Amino acid sequence: MKTWLAAVATALIVTLASPALAQDGRGWSLAIHGGAGVIERGSLTPEQDAAYRAALDSALQVGAEVLEGGGSALDAVEAVIQVLEDDPLFNAGRGAVFTADGRIEHDAAIMDGTTLDAGAVAGLTRTRHPISAARAVMEDSPHVFLIGQGAETFARDQGLEEVEPAYFFTERRWRGLVRQLEREGLPVPARPEGAPAEGAMATVTPPLDERKFGTVGVVALDREGRLAAGTSTGGMSGKRWGRVGDVPVIGAGTYASNAEGCAVSATGSGEYFIRATVARDICARIAFGAAHPQLAAADLEQRRAWCETRAAEGDICLVSQLLPGIAEARAEIAEVGALGGEGGVIVMTRAGRVIFAMNTSGMYRGRVAEGEERRVAIYADEED
Ligand code: ASP
């Protein structure tokens, strides 16, 4: 049995590895995430599982339309994140988590890989689409990062849509906050002004464990070969003292560089992603591999040998484990894990190759590329 399996596994490596390794320069490509965390089979009802898959799929469709129509990677990133910000399933825009004092404060960032231009915002409370505020900072201000009231004023002056803070309210996140504060023995704030009366709002899903983070992010490559990345979040439930996570910190939760051939969006416990400078490090590692082909080739040979050993033992070594980029992303996530953090990343290479890496049991994620079907996945062990 083992010998038979080994033969199949080896064949799989040989037949799948070559075309996959030669996929450079094939048109546009897009990948998304909707947060990582403790997401196990059995912790989602079939309805919740289906709702997340449908939401990810529609977001992918929006991005595919932009890129298929010749739109830029930046346009695709913004359009897809707007859709996810409007969806109460995710911790971004409508459906974002609450601070300990019962407010919602949004953080977002966007980056253009061709110019290294970037824009970020933190602590927004009224701008409907924080990702668009981040883009406005990038394109219409001399700055990179605006926070709080000033950022909100800037967004308003740019004509971006504003909503009442209660627009972002969801019963599910509110219940999550109340439960968390009670558990931590902290005071529970009054129900936010303008929120629907208790019981009046249909909960899309029952309250879920807040260790499912729910931030959203997109990485894209357009037909012109331009890379872009964007991320948007309400941050961590119960955050205090003006806490800001990794999402709007360029190089931590968000980064894109055509020179390095890489775009990254992260999700997870932001404090660790900031310290490990995750997004930039992945790009730097990828660029280093590309600049030192002999090292990259040796590394690839090592990975092939590792796969063959596993195959000899009867395991199937996934072809993705051979691809450049995966080792870099995994090394970064391992670093986050070593510090005590958890989460995941999505990576787009200049070849349009998508890499998902996580140290959690799940990450809502999906991808689509020119001429290919849309694919979504949730659990860590699911094919993506
Ligand atoms: N990284 C985000 C933060 O720390 C949270 C998340 O990814 O859900 O603010």
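Notes on the structure in this doc start here.

About the thresholds
- Residue numbering note: each chain is counted from 1, following its sequence as written.
- Reporting of local features is limited, given that this is a predicted model, to residues whose pLDDT is at least 70; pairs of side-chain atoms are given and counted only at 80 or more, and all residues count toward the totals for whole chains, interfaces and linings.
- To get the side-chain values, take all heavy atoms of the structure and skip hydrogens and water.
- The helix count covers DSSP runs of H or I at least four residues long, the strand count covers runs of E at least two residues long, and both are numbered beginning at the N terminus.
- Partly exposed residues are those whose accessible area sits between 20% and 50% of the maximum for their type, while under 20% is buried and over 50% is exposed, using a 1.4 Å probe and protein chains only.
- In this analysis, two residues are considered to be in contact whenever any of their non-hydrogen atoms come within 4.5 Å of each other.
- Reported accessibility uses the Shrake-Rupley method at a 1.4 Å probe radius. Residues are deemed covered only where the shown protein chains occlude them.
- Each axis is a line fitted through C-alpha atoms, and for a helix only the stretch in contact is used; angles between axes span 0 to 180 degrees, taken between their N-to-C directions.
- Roughly parallel means an angle under 35 degrees; roughly antiparallel means over 145; roughly perpendicular covers 65 to 115; every other angle is labelled oblique.
- Note on convention: near helix rotated counterclockwise from far helix by under a right angle means a left-handed crossing. Clockwise means right-handed.
- Residue polarity follows a fixed list, in which Ala, Val, Leu, Ile, Met, Phe, Trp, Tyr, Cys and Pro are nonpolar, Asp, Glu, Lys and Arg are charged, and the others, Gly among them, are polar.
- Every definition here rests on a 1 Å grid over the protein atoms only: cavities are sets of points where a 1.4 Å probe fits but cannot get out, pockets are open sets enclosed by protein on both sides within 12 Å along at least five of seven lines, and lining residues have some atom within 4 Å of a point.
- Grid points are joined across faces, edges and corners, and a volume is the space filled by probe spheres set on the points.
- The rule is short: rings of Phe, Tyr and Trp, with Trp giving its six-membered ring, pair when the centres are within 6.5 Å, and they are stacked under 30 degrees, edge-to-face over 60, tilted in between.
- Cysteine sulfur atoms are paired as a disulfide whenever they fall within 2.5 Å.
- We count a salt bridge whenever a side-chain nitrogen from Lys or Arg sits within 4 Å of a carboxyl oxygen from Asp or Glu.
- Being near a molecule or strand, for a residue, means having at least one of its heavy atoms within 4 Å of it.
- Pairing of N or O atoms within 3.5 Å defines a polar contact, subject to two protein rules: one partner must be a possible hydrogen donor and the other a possible acceptor, and residues neighboring in sequence count only if both atoms are side-chain atoms.
- If over half the atoms of a molecule are within 2 Å of the grid points of a cavity or pocket, the molecule is regarded as sitting in it.
- For two strands to pair, DSSP has to find at least two bridges joining them.

This part is about the overall build of the protein chain. Helix and strand counts for the protein chain stand at 10 helices and 12 strands. Expressed as a percentage of the 384 residues in the protein chain, the buried residues total 54%. For the protein chain, the share of sequence-separated contacts (at least 6 apart) that also reach a separation of at least 24 residues comes to 70%. In the form shown here, the protein chain has an accessible surface area of approximately 15,700 Å², with 54% of it arising from carbon and sulfur atoms.

It is worth spelling out the packing of helix α2 (residues 46-68) against helix α3 (residues 73-86) at this point. Taken N-terminus to C-terminus, the directions of α2 and α3 make an angle of 155°; their axes are 9 Å apart at the nearest point. Taken together, the axis directions place α2 and α3 in an arrangement best described as roughly antiparallel. Along this stretch, α2 crosses α3, giving a crossing that reads as right-handed. Seen from α2, the contacting residues are Ala59, Val62, Gly63, Val66 and Leu67; seen from α3, they are Ala73, Asp75, Ala76, Ala79, Val80, Val83 and Leu84. Here the contact of α2 with α3 is composed, by residue class, of 10 nonpolar, 1 polar and 1 charged.

Where empty space is left in the structure can be found by rolling a water-sized probe over the atoms. Tallying each qualifying case throughout the model produces 2 cavities of 30 Å³ or more. Size it by volume and the largest cavity reaches roughly 80 Å³. Considering the residues around the largest cavity, the lining is formed by 13 residues, among which Thr215, Thr233, Gly235, Asp246 and Gly268 are closest to the centre. No other element matches strand β8 (residues 262-268), which puts 3 residues into the lining of the largest cavity. Here the lining of the largest cavity is built from residues that sort into 4 nonpolar, 7 polar and 2 charged.

The geometry of an aromatic ring pair is captured by two quantities: the separation of the ring centres and the angle between the planes. Here the structure, examined in full by the defined rule, presents 6 aromatic pairs. An angle of 80° between the planes, with centres 5.1 Å apart, marks the rings of Phe98 and Trp174 as edge-to-face. In this pair, Phe98 is assigned in the loop between α3 and β2 (106-112) and Trp174 in helix α6 (residues 171-184), connecting sequence segments 76 residues apart. A residue is classified by how much of its surface remains accessible, and Trp174, at 6% relative accessible area, is buried. An aromatic cluster is defined as three or more aromatic residues linked by ring pairs; in this entry it consists of Tyr52, Phe90 and Tyr364.

This next bit is on the state of the cysteines. Scanning the entire structure with this criterion turns up 1 disulfide. A sulfur-sulfur distance of 2.3 Å marks the disulfide that ties Cys262 to Cys283. Since a negative S-S torsion denotes a left-handed disulfide, the Cys262-Cys283 link at about -75° is left-handed. One end of the pair, Cys262, is in strand β8; the other, Cys283, is in helix α8 (residues 278-291), with 21 residues separating them in the sequence. For the residue pair Cys262 and Cys283, the accessibility class agrees, reading buried in each case.

A few words on the pattern of salt bridges. Here the structure, examined in full by the defined rule, presents 22 salt bridges. The closest approach of N and O atoms between Asp86 and Arg128, which form a salt bridge, is 3.0 Å. On the criterion of sequence distance, the pair formed by Asp86 in helix α3 and Arg128 in the loop between β3 (117-124) and α4 (130-140) is long-range, its members being 42 residues apart. For Asp86, a relative accessible area of 27% gives the class partly exposed.

A few words on the site of the ligand. Around the ligand lies a shell formed by Phe213, Gly214, Thr215, Gly235, Met236, Arg243, Gly245, Asp246, Thr267, Gly268 and Gly270. Note that an oxygen atom of the ligand is positioned 2.8 Å from one of the side-chain N or O atoms of Arg243. In the environment of the ligand, an oxygen atom lies 2.9 Å from a nitrogen or oxygen atom belonging to the backbone of Gly270. In a pocket analysis with a 2 Å cut-off to the grid points, the ligand is assigned to the largest cavity. Here the residues of the shell around the ligand are counted per class, giving 2 nonpolar, 7 polar and 2 charged.

In this section: the sheet that holds strand β9 (residues 343-349). The strand order β7-β8-β9-β10 describes an open sheet built from 4 strands, whose pairing is antiparallel. Every other strand in the sheet has two partners, leaving β7 (254-257) and β10 (354-358) as the edge strands with one partner each. Strand-to-strand twist of the sheet, defined as the mean angle between neighbouring strand axes without regard to direction, takes the value 10°. The pairing of β8 with β9 spans 7 bridges and is antiparallel. Looking at the pairing, Cys262 lines up with Thr349 of β9. This element, helix α10 (residues 326-339), spans β9 and β10 of the sheet and lies at about 25° to β10.

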